[in-house]
Amino acid sequence: LQASNPFKGRDVISTKDFHREELDHLLQTTARLKENPSEFEGRLEGKLLASLFFEPSTRTRTTFKLAARRLGMIVDEITAEEATSIAKGENLRDTLKMYEGYGVDVMVIRHPSAGAARYASKVVRCPVINAGDGPHEHPTQAFLDLFTIKEEFGGIDGLCIGMMGDLRYSRTISSLSYALSNYDVELRFIAPPLLQIDQRTDGMELYLRMRGMSYEKLFDVKKVIGELDVLYVTRIQRERFPDELEYKRVRGSYRVDAQLLEGAKEELAVLHPLPRVDEITHEVDASAHAKYYEQAANGLYLRMALLLEILG
Ligand code: CP
């Protein structure tokens, strides 16, 4: 690990809380760790991680658990409210206080309510990591997205990055955009009007303007496919639509397929936080542009690095 450690003992709630030097520090640690993960195994022997997932997850929950175990940590999990005293009416605060009392060293929380992770960080003294709070943020996904982009291109400055899909309800879009505001990049927000960033209620667009970000909003990806270095795609977050009719209006309104990619730069990287539904056709998986499986795999190394930095 590097000598000065800006993550030690910190909560990870929003990518807005981290500036460029801190992000670069984490990406460097992740790169070292990915090169030789066995060098770091057992470094957090005996430390306790509480993994509290009140929403479904495959990648985030699994990679935190595997990362913690490779570092020698003990992991306790909540994966379904029905299996806990929450089903008997216990509130979130009491659940968090119990885990604190059992001496956990770090809590990872995913919750359907925006602000739940920030709330948790006020309730307990140990560091809290936001693993996704409703449509609000998913900072560790953004960190691994940055790592994947840097790994692909050798750097982040100078790139043209398209974000396509459900920009309204996706928490990966906000976290990644905030993180990218530390770099000299061009953004293209590609979505039907109902799913554009100006439909968000969290002030994301205002924040990007205040940070002086250079961006453009459009619907037709074909207009910009040839200028993109990265195309970051998200699924429609059906579960967050207040009205099923509104969801049906935008269902199937965008897609990445082999024909679209014919107009792309050779080095275009297609990323997706996953899970995918139908917004990237399976024929794209075989193309050299498809980087989303590598991106998901990077989650393990990024989360090992993050735990080491916070607790090391
Ligand atoms: N990318 C992501 O957060 O995936 P999961 O919902 O499976 O954790």
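The structure we're discussing is the one just above.
Below or above, wherever it landed, is the structure these notes cover. (Residues numbered from 1 in each chain as written. Predicted model: local features only at pLDDT ≥ 70, side-chain atom pairs only at ≥ 80, totals over all residues. Heavy atoms only, no water.)

**Quick look at the sheet that holds strand S1 (residues 48-53)**
The strand order S2-S1-S3-S4 describes an open sheet built from 4 strands, whose pairing is parallel. Sheet topology places strand S2 (74-78) and strand S4 (128-133) at the edges, where each strand pairs with a single neighbour. The mean angle between the axes of side-by-side strands here comes to 10 degrees, regardless of whether they run parallel or antiparallel. With 4 bridges joining them, strand S3 (residues 106-111) and S4 adopt parallel strand pairing. Each bridged residue has a counterpart across the sheet, and for Val-108 the counterpart in S4 is Ile-129. Together, S3 and S4 form the strand contacts of helix H4 (residues 116-123), whose direction differs from that of S4 by roughly 160 degrees. (Pairing = 2+ DSSP bridges. Helix = DSSP H or I, 4+ residues; strand = E, 2+ residues; numbered from the N terminus. Axes fitted to C-alpha atoms, helices over the stretch in contact; angles between N-to-C directions. Contact = heavy atoms within 4.5 Å.)

**Re the site of the ligand**
Contacts to the ligand come from Ser-57, Thr-58, Arg-59, Thr-60, Arg-110, His-138, Gln-141, Pro-273 and Leu-274. For the ligand, an oxygen atom lies 2.7 Å from a polar atom in the backbone of Thr-58. Backbone polar atom of Leu-274 to a nitrogen atom of the ligand: 3.0 Å apart, as the coordinates give it. Coverage of the ligand by the protein amounts to 91% of the 260 Å² it exposes when considered alone. Residues belonging to the shell around the ligand are distributed by class as follows: 2 nonpolar, 5 polar and 2 charged. (Near = heavy atom within 4 Å. Polar contact = N/O pair within 3.5 Å; in protein donor to acceptor, adjacent residues only side chain to side chain. Areas by Shrake-Rupley, 256 points an atom, 1.4 Å probe, with all protein chains shown as cover. Nonpolar A, V, L, I, M, F, W, Y, C, P; charged D, E, K, R; others polar.)

Everything listed here is a matter of geometry and, on its own, says nothing about what the molecule does.
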